[in-house]
Amino acid sequence: MSNDYLCVFSYAVSDLSSITLSLRRTGLDWTRAVTHCLHLARRWYNYNPLTSLKQSYYKQKTFPALQQFSSGNFARMEDKEPLVEPVHVGEKRTCPEEDSEHTAKRARVQDEENGSLVTKQAEDDGEELEVEEEEALVGEDGEGETFADMMKHGLSEVDVGIHKFVSDHKGFSGILKERYSDFVVHEISKEGKIMHLDDLSVPVETEEASVEVEPADCQVLTEEQKQQLSDLQLFKNKEENVAIEVENDSKEKRTLLHKAVKTLYPGLETKTEERDGKKFIVAYHAAGKKALAAPRKHSWPKNRGSFCHFVLYKENKDTMDAINVLSKFLRVRPNVFSYMGTKDKRAITVQEIAVLKISAERLAHLNKCLMNFKLGNFSYKKHPLKLGELQGNHFTVVLRNISGSDEQVEQAMTSLRNTGFINYYGMQRFGTTAVPTHQVGRAILQNNWNEVMDLILKPRPGAEKGYLVKCREEWAQSQDPEAALKKLPVKRCVEGQLLRGLSKYGKNNIITAFGLIPRNNRLMYIHSYQSFVWNTMVSRRVEAYGLKAVEGDLVLKGGTAHVLSAEEAEKQSIHDVVMPLPGFDVIYPTHEVGKGYKDLLAADNLDIDNMRHKVRDYSLAGAYRRVLICPSGVSWELIQYDDPKVPLVYTDVEKLENKPAPVYLTEGKYRALKMEFSLPPSTYATMAIREILKMDTSIKNQTQLNTVWLN
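Residues numbered from 1 in each chain as written. Predicted model: local features only at pLDDT ≥ 70, side-chain atom pairs only at ≥ 80, totals over all residues. Heavy atoms only, no water.

On to the overall build of the protein, then. Within the protein, the secondary structure is distributed over 25 helices and 19 strands. Among the 711 residues that make up the protein, the fraction classed as buried is 56%. Residue pairs in contact within the protein that sit at least 24 positions apart in sequence constitute 80% of those at least 6 positions apart. Surface exposure of the protein reaches about 30,500 Å², of which carbon and sulfur atoms provide 47%. (Helix = DSSP H or I, 4+ residues; strand = E, 2+ residues; numbered from the N terminus. Buried < 20%, exposed > 50% of the residue type's maximum accessible area, 1.4 Å probe, protein only. Contact = heavy atoms within 4.5 Å. Areas by Shrake-Rupley, 256 points an atom, 1.4 Å probe, with all protein chains shown as cover.)

Here it is, written out as structure tokens:
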């Protein structure tokens, strides 16, 4: 590593945010160096977000690393919360990335959303400092609220209808995601195979499919040119391209040069251009700023499947961020990639991805260029992947520094294995600040578009990026979308997209302006409202009738909901009972709790018998969701350890690199609970962990539990 890199690295460890912002102001082209340092800080020093937050607060009275906050010391919640009506507050502050569900206009069993838990909450909490986008947060003048004070404006579980537990064991405390490697997710394919990264080799193809470089092709490049191209390929070349003069060369030789560069150095592209009256072949990296507007058309062997399927191993990145990185380096649009489900950010995840007409060689080359990613298990197939095709996800979770006795742990895990947990929608579905997504969804369903606009754009209390605060203040003062938009350096967020729409179509055409927000993000709001209703009604159902099937409950028979008679209920298990998400194509339980759906929607000025909307996209068909989920393949062990930073999970990459497996102590300062289990799609692992620890999983509660530590 060069001295320049070491210098930036040392500053990055001490204050990641300050060095990032200062380098942005200098205008120096050190983006790659800073990014490199951020990764090294996390990998080598196990950068602890809470520690940095605490130190930064006392040294500077600011929160430059606020979005790094992610691990929480969870206390037990033994006493069940009284069943009260949740208080409606507002909407999520940034552009969500999760995929929509319930897009079909017919009722069905919900099976599309990937169930790999702590997605949005973990993504919001553990978001990396981005060189191009990160700004200081509110409170940077040192006179604002503390982090705990700011988060008191956020949501707790009771606000979104989460109230009940199924087991009666005594809860205990533990730390979830102290390291992102404590949360490992392996996708389960539609064939039931748990996906692992265990092969980095490129598949050997038939003679027709292979593209070999003949010795004559190699000879058209000099040794100096080969070295320059190699350095450019691995980002060692400080020049942005390599120019090879071909003024006196024939067209045949120029063709050989183009072919040699692109074949010998995957990831590089070439073009012919004139400079100072002379002709050059210019080689550049596919992700370079001066890349051509569209990728060069490459021939694709006829006997090769059009889609290259591969296993993506990623650390501390959500699926959409990973796709965007891959598309940038391959210089293709993100929509050429397909996948079966999105995965957590603050985690190590392994999933299958498919990409259209990108060779395994080009993909394998990215393993040299990218950190915290590994691509492997390549194969060519004739079909892409589809959302929801997966059977589920397999989780390996470590809860550190647990307080529970061996007996408590045994009771909790046995209950999880035998009885399961209430299939609540997790906190990440509702946002983390004073404006939850379900309130925006309610306003959409009410056709109250002024309120939709107000909820998304108005100022709100709590932790938020500084530029968003300025944008909201400008909107509140001027109601001028163009003026507010100028306050946003990042216009891809929901606020930016809505303001762009208002600027283009005017404030009298909010529906059309709102339509500029991507469809999946718009649908997320109304699905969030459905989830709020479902959580609330399921809590009432468990409170009223307990964990047994009763007359008036619903079960699915051949995909169709059926109302149980008293006689049928005696033969059914609670694990067979489903509850509906409200919509025009579902039926409701016939007992008193089922009737509560109508009252709840009526209180929100909605008619349960008329769930069709003037805008077709916002018409809700509804769906059915199981009340209880019982994980499969549940296993656990108690681990002793001394070093809080020691890895406790053996990852796929560590196995590939033949690194030694973690060694567990017979006696140690701390105890950890390591567990494994598999969940179906649309199921939240945080809700399983909530059942084990008897804890509130909201950021608001986690922050309050850590207030003493922060002070």
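Structure's up, so let's keep going.
On to the sheet that holds strand β4 (residues 241–245). The three strands are arranged β4-β6-β5 in an open sheet whose pairing can be described as antiparallel. Edge positions in the sheet fall to β4 and β5 (268–275), since each has one partner strand and no second. For this sheet, the mean inter-axis angle between neighbouring strands, taken without regard to orientation, is 25 degrees. In this sheet, strand β6 (residues 278–285) lies alongside β4 in antiparallel orientation, the contact comprising five bridges. Opposite isoleucine 244, over in β6, you have isoleucine 281 as the bridge partner. With respect to the sheet, helix α9 (residues 251–264) is in contact with β4, β5 and β6, its orientation differing from that of β5 by roughly 145 degrees. (Pairing = 2+ DSSP bridges. Axes fitted to C-alpha atoms, helices over the stretch in contact; angles between N-to-C directions.)

Further remarks concern the sheet that holds strand β14 (residues 560–563). Across the sheet, four strands lie side by side as β14-β13-β15-β16; this open sheet has antiparallel pairing. Each end of this open sheet is capped by a strand with a single partner; those strands are β14 and β16 (623–626). Each adjacent strand pair in this sheet contributes to an overall mean axis angle of 55 degrees, direction not counted. In terms of strand pairing, strand β13 (residues 554–557) meets β14 through four bridges, oriented antiparallel. Across the sheet, residue lysine 557 finds its bridge partner in β14, namely threonine 560.

Moving on to the pattern of salt bridges. Applying the stated criterion to the full structure yields 19 salt bridges. For lysine 343, the salt bridge goes to glutamate 187, with nearest N and O atoms at 2.9 Å. One end of the pair, lysine 343, is in the loop between β8 (337–339) and β9 (348–356); the other, glutamate 187, is in strand β3 (residues 183–188), and 156 residues separate them in sequence. For the pair formed by lysine 343 and glutamate 187, the shared burial category is buried. (Salt bridge = Lys/Arg side-chain N within 4 Å of Asp/Glu carboxyl O.)

Before going further, it helps to examine unusual backbone geometry. Although it is not a glycine, lysine 357 adopts a positive phi angle of roughly 50 degrees. Of note, asparagine 377 is a non-glycine position whose phi angle comes to about 50 degrees, a positive value. Positionally, asparagine 377 belongs in strand β10 (residues 373–381). For asparagine 377, a relative accessible area of 22% gives the class partly exposed.

Its place among the elements puts arginine 500 in helix α17 (residues 494–505). Among the residues examined, arginine 500 registers a relative accessible area of 42% and is labelled partly exposed. Each C-alpha atom of the pair arginine 500 and leucine 516 lies 7.9 Å from the other, and the pair is 16 residues apart in sequence.

Before going further, it helps to examine the packing of helix α10 (residues 319–330) against helix α11 (residues 360–369). Between α10 and α11, whose axes approach to 11 Å, the crossing angle comes to 105 degrees. On the basis of their axis angle, the class for α10 and α11 is roughly perpendicular. Contacts from Leu326, Phe329 and Leu330 of α10 reach α11 at Arg362, Leu363, Leu366 and Cys369. Residues of the contact of α10 with α11, tallied by class, amount to six nonpolar, no polar and one charged. (Parallel < 35°, antiparallel > 145°, perpendicular 65-115°, else oblique. Nonpolar A, V, L, I, M, F, W, Y, C, P; charged D, E, K, R; others polar.)

Before going further, it helps to spend a moment on the packing of aromatic side chains. For any pair of aromatic rings, the description rests on two quantities: the centre-to-centre distance and the angle between the ring planes. Following the criterion strictly, the structure yields 13 aromatic pairs and no others. Relative to tyrosine 380, the ring of tryptophan 300 lies with its centre 5.9 Å away and its plane at 75 degrees, an arrangement referred to as edge-to-face. Taken together, the residues tryptophan 300 in the loop between β6 and β7 (307–315) and tyrosine 380 in strand β10 connect sequence positions 80 residues apart. In this structure, tryptophan 300 and tyrosine 380 share a single accessibility class: buried. On the basis of an interplanar angle of 65 degrees and a centroid distance of 6.4 Å, the ring pair of phenylalanine 514 and tyrosine 618 is categorised as edge-to-face. Taken together, the residues phenylalanine 514 in helix α18 (residues 510–514) and tyrosine 618 in the loop between α21 (592–603) and β16 connect sequence positions 104 residues apart. In this structure, arginine 304 is placed above the aromatic ring of tryptophan 300, and the distance from its NZ or CZ to the ring centre is 4.3 Å. Against the face of tyrosine 425 rests arginine 625, its NZ or CZ located 3.9 Å from the ring centre. (Phe/Tyr/Trp six-rings, centres within 6.5 Å; stacked < 30°, edge-to-face > 60°. Lys NZ or Arg CZ within 6 Å of the ring centre and 35° of its normal.)

Take helix α13 (residues 437–445) next. The element α13 is largely enclosed, with a buried count of nine among its nine residues. Packing partners of the buried residues in α13 comprise α14 (449–457), α18 and α19 (519–545). Of the residues one or two after α13, asparagine 447 is the one with positive phi, at around 60 degrees.

As a further point, take the side chain of lysine 674. Along the chain, lysine 674 falls in strand β19 (residues 670–679). Although lysine 674 is buried, it makes no salt bridge; glutamate 637 carries the closest opposite charge, 4.2 Å away. With residues up to four places along the chain from it excluded, the contact list for lysine 674 reads Thr396, Val397, Val398, Ser635, Trp636, Glu637, Ile639, Leu648 and Tyr664. (Lys, Arg positive; Asp, Glu negative; His and termini not counted.)

As a further point, take the confidence of the model for the protein. Overall, the predicted model of the protein reaches an average pLDDT of 76, with 71% of residues at or above 70. Counting contacts from residues 207–217, a segment whose pLDDT is below 50, to residues more than four positions away or on other chains yields 15 contacts. Below pLDDT 50 for its whole length, residues 289–297 participates in 16 contacts with residues either more than four positions away or in separate chains. (pLDDT = per-residue confidence, 0-100.)

For leucine 445, the location among the structural elements is in helix α13. For the pair leucine 445 and methionine 611, spaced 166 residues apart in the sequence, the C-alpha separation amounts to 8.2 Å. In this structure leucine 445 touches Ile526, Tyr529, Leu606, His613, Tyr618 and Leu620, once residues within four positions along its chain are discounted.

What follows concerns the packing of α13 against α14. Interhelical geometry of α13 versus α14 gives an angle of 160 degrees and a closest axis separation of 8 Å. By the angle class used here, α13 and α14 are roughly antiparallel. For α13 against α14, the interelement crossing comes out left-handed. Taking contact as the criterion, the partners of Gln439, Val440, Ala443 and Ile444 in α13 are, on α14, Trp449, Glu451, Val452, Leu455 and Ile456. Partitioned by chemical class, the residues of the contact of α13 with α14 number seven nonpolar, one polar and one charged. (Left-handed = near helix turned anticlockwise from the far one by under 90°.)

We now examine α17. Here α17 contains 12 residues, and its C-alpha end-to-end distance of 16 Å stays within 8% of the 16 Å for a straight helix at 1.5 Å per residue. For α17, the set of buried residues is Val494, Glu495, Gly496, Gln497, Leu498, Leu499, Gly501 and Leu502. On its buried face, α17 is in contact with α14, α15 (466–478), α16 (481–486), α18 and α19. (Expected span 1.5 Å × (residues − 1).)

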